[in-house]
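# Examining the three-dimensional arrangement
Below are the chains, spelled out letter by letter.
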Amino acid sequence: MTKFEKCWLNYSLVSEVSGWKDKLSCIFTNLDGKCIENAVKELRVAIPEIIGGNTPGMCICAPCVPSEGIVLKKYDKEDAEYYDDFCPGDEGYAIYYKTDKSLLVIAADTDRGILYGVFAFIRQLQKGITPDKMKIAESPKMPFRMIDHWDNMYGDIERGYSGNSFFYENYRIIIDDRTVFYARMMASIGINAIAINNVNVHQTETLLITDKYLYEVKRINDIFASYGIKLYLSVNYAAPVEMGDVDVSDPLDERVIKWWEKTSKHIYDVIPNFGGYLVKADSEGRPGPFTYGRTHADGANMLARQIAPYGGNVVWRCFVYNCRQDWRDHKTDRARAAYDNFIGLDGEFDDNVVLQIKNGPMDFQIREPVSPLFGGLKKTNMFLEVQIAQEYTGQQRHICYLVPMWKEILEFNTYASENGLVKDIVSGKAYGNTLCGLAAVTNTGNDANWTGHDMAAVNLYGYGRMCFDTELSAEEIGREWIRATFGNDIEINDAIYSMIGTSWHTYENYSSPLGIGWMVNPAGHYGPNVDGYEYDRWGTYHRSDCKGLGIDRSVATGTGYAGQYNEPWSSLYERPETTPEELLLFFHHMDYTYKLSSGKTIIQHIYDTHFKGVEEVETMINTWNSIKEKIDPNVFNRVADRLNIQLESAIDWRDRVNTYYLRMSGIADEKGRTIY
Ligand code: GCV
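Residues numbered from 1 in each chain as written. Predicted model: local features only at pLDDT ≥ 70, side-chain atom pairs only at ≥ 80, totals over all residues. Heavy atoms only, no water.

Here Thr 623 is to be found in helix 20 (residues 602–626). Given a relative accessible area of 16%, Thr 623 falls into the buried group. Setting aside its immediate chain neighbours within four residues, Thr 623 contacts Ala 495, Ser 498 and Met 499. (Helix = DSSP H or I, 4+ residues; strand = E, 2+ residues; numbered from the N terminus. Buried < 20%, exposed > 50% of the residue type's maximum accessible area, 1.4 Å probe, protein only. Contact = heavy atoms within 4.5 Å.)

Okay, here's the thing in structure tokens:
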């Protein structure tokens with residue numbers, strides 16, 4: 001087992017609550033089950049570490065009425081007196097203090113609610129809030145808060161930047177202390193579903209649903225379940241063929257249906273609480289229903305029907321596009337693909353199918369418009385898919401805090417209905433469904449600190465916290481993570497927050513301008529290469545020439561992508577003057593001399609933002625150095641090393657992009673700075 005650190009579960013003493021040592025020395029409950037055991041365990045670890053004193057004792061309280069301590073209980077009428085109209089439901093909890101009994105109460109309808117209540121109580125303590133001041137009633141805003149691993153059984157991770165997989169090594173499944181700690185970490189931020197293998201399901205991974213691996217998968221499943229998490233597996237759509245059992249994977253073929261029926265039954269015999277299947281079909285070379293002239297609804301429903309009797313779900317990805325495009329063809333537009341492929345199927349998917357839609361129409365670039373599918377589909381379950389792994393955002397060598405970006409996406413108004421914000425659509429508020437929420441490609445690996453860059457952990461933490469409570473600001477989440485990870489020192493908190501707070505914009509400043517994306521090295525997606533994807537087959541172009549740059553996606557003269565949005569967006573995106581400037585080049589091909597609202601020309605904007613981005617990284621480095629004495633030397637050095645790499649890379653981005661556009665446009669920098 002590789003060594004691992006405790007990340008945000010690194011509890012430390014908080015002086016404001018130290019007076020509570022004796023008053024929280026007993027935990028009462030008459031609830032039982034694995035989740036409750038873990039909730040109690042968590043309290044017994046956290047209390048001495050945060051408040052000081054001894055590990056609290058454990059008392060089974062029924063039938064006596066407890067006093068002085070913490071009680072974990074079923075939510076009932078008595079609790080309702082403290083909370084008008086609150087109904088905890090499957091995952092909510094209430095926390096309050098009963099002064100007459102000196103009791104801190106954590107009440108919920110379910111064991112999972114208790115577990116989340118315990119973690120919420122611990123967060124309050126970390127903030128220095130004393131139990132007598134606590135009064136919270138909360139249910140998660142997003143029904144599903146899923147994590148997708150792109151781990152392969154060989155042990156590598158597709159787009160992984162934090163070492164190897166901690167689930168697999170050399171085609172073996174690993175189950176150890178780290179598995180348990182991981183489940184604990186995920187529960188602490190409210191994750192309730194995890195897919196443990198890559199959506200690109202290779203031959204060995206196909207066997208995860210067979211007896212070769214299923215019993216070990218069950219062991220991971222049971223650990224997850226004890227932390228309230230459902231386990232999902234990515235499956236190969238052509239598994240019946242891959243296994244040599246049937247010669248087709250046509251979803252309407254009886255033999256295929258029978259194969260999945262039998263396979264699914266066996267999975268549920270072994271793992272009765274199995275979550276379901278995650279599927280990448282007809283995407284980047286993966287097999288799918290298109291081969292047989294069938295629709296994605298045919299494909300997804302066929303699978304869904306085999307697991308519906310057991311309560312399973314099919315998570316079906318919409319990342320379907322033509323990856324063999326000719327760059328000379330200006331009409332085919334990858335941005336259109338997800339909408340074009342799925343909009344006609346609205347209402348055709350079974351209730352236990354959910355479509356997983358990437359946040360933007362392309363592929364997790366630093367800036368993209370919100371996928372028009374969120375405003376288009378009205379009778380279909382949807383997950384918003386984001387990427388915590390920093391594939392295109394610095395690969396965990398750069399600091400890039402992504403919660404501000406995700407918050408912007410969640411707040412985007414699709415105008416699909418009265419409740420048309422993306423967060424209303426994927427929380428179920430808009431259409432009253434419950435199979436909806438978020439899914440994220442994770443950034444973990446077996447590095448000691450889990451996420452490679454210590455600062456990348458904020459994205460993992462922030463994803464979970466944001467899904468649970470979409471009303472928290474990016475700053476609240478960021479500062480909460482800093483406190484949990486680095487302790488309660490306000491100078492540390494301010495310094496680190498100033499480094500991460502606007503780092504998304506910093507990365508955007510020194511990389512590709514105004515929504516264009518893709519100026520990366522095709523090989524690994526790291527570092528600048530302006531023409532890296534320009535003459536390729538992937539549908540990823542900037543179309544720069546001596547006059548200007550950008551893609552015309554208008555309806556009038558371009559690919560028509562702007563027309564996939566509801567009004568007023570389609571009209572706003574149609575014209576350069578009304579397109580939000582940060583997306584200008586995503587929607588329009590513009591002259592270098594076009595003036596932005598700042599009064600600057602586009603070319604000057606490119607030069608200025610690239611110089612600014614580098615300066616911002618220099619400021620991050622100075623800030624980090626200013627708190628050196630207060631940071632664990634190991635962590636300090638790890639971050640310092642990565643900041644130096646980030647600076648070097650930001651300079652590389654600046655110089656390559658600026659030089660490219662100076663040469664292309666022949667227009668000099670007004671400020672006369674060095675461009676090569
Ligand atoms: C898992 C991008 C990534 C691929 C990934 C794919 C996807 O294209 O580069 O590595 O494959 O997205 O989301 O399926």
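What follows concerns the environment of Asn 236. Within the fold, Asn 236 resides in the loop between strand 11 (230–234) and helix 7 (239–242). For Asn 236, a relative accessible area of 3% translates into the label buried. Note: C-alpha distance between Asn 236 and Arg 656 (420 residues apart in sequence) is 40 Å. Once residues within four sequence positions are removed from consideration, Asn 236 is found in contact with Val 201, Thr 206, Glu 242, Trp 260, Arg 286 and Pro 287. A polar contact is formed between the side chain of Asn 236 and the backbone nitrogen of Ala 238, at a distance of 2.8 Å. (Polar contact = N/O pair within 3.5 Å; in protein donor to acceptor, adjacent residues only side chain to side chain.)

Before going further, it helps to examine helix 9 (residues 296–307). Its 12 residues give helix 9 an end-to-end C-alpha distance of 17 Å, which sits within 8% of 16 Å, the value for a rise of 1.5 Å per residue. Of all the 12 residues making up helix 9, 10 are buried; the element is thus mostly covered by neighbouring parts of the structure. By the burial criterion, the buried members of helix 9 are His 296, Ala 297, Gly 299, Ala 300, Asn 301, Met 302, Leu 303, Ala 304, Gln 306 and Ile 307. In the core, the buried residues of helix 9 are packed alongside helix 8 (254–270), strand 12 (276–279), strand 13 (313–317), helix 10 (337–342) and strand 14 (353–358). (Expected span 1.5 Å × (residues − 1).)

All right, on to unusual backbone geometry then. Glu 567 connects to Pro 568 through a cis peptide bond whose omega is 5°. Note on placement: Pro 568 falls in the loop between strand 17 (548–549) and helix 18 (569–574).

The strands making up a sheet associate through hydrogen bonds between their backbones, and the pairing can be parallel or antiparallel. Spatially, eight strands are ordered 7-10-11-12-13-14-15-16 in a closed barrel, and the strand pairing comes out parallel. In this sheet, neighbouring strand axes are inclined to one another by 25° on average, regardless of whether the strands run parallel or antiparallel. Of the strand pairs in this sheet, strand 10 (residues 193–195) and strand 11 are connected by three bridges, and their pairing is parallel. Paired with Ile 194 across the strands is Leu 231, a residue of strand 11. (Pairing = 2+ DSSP bridges. Axes fitted to C-alpha atoms, helices over the stretch in contact; angles between N-to-C directions.)

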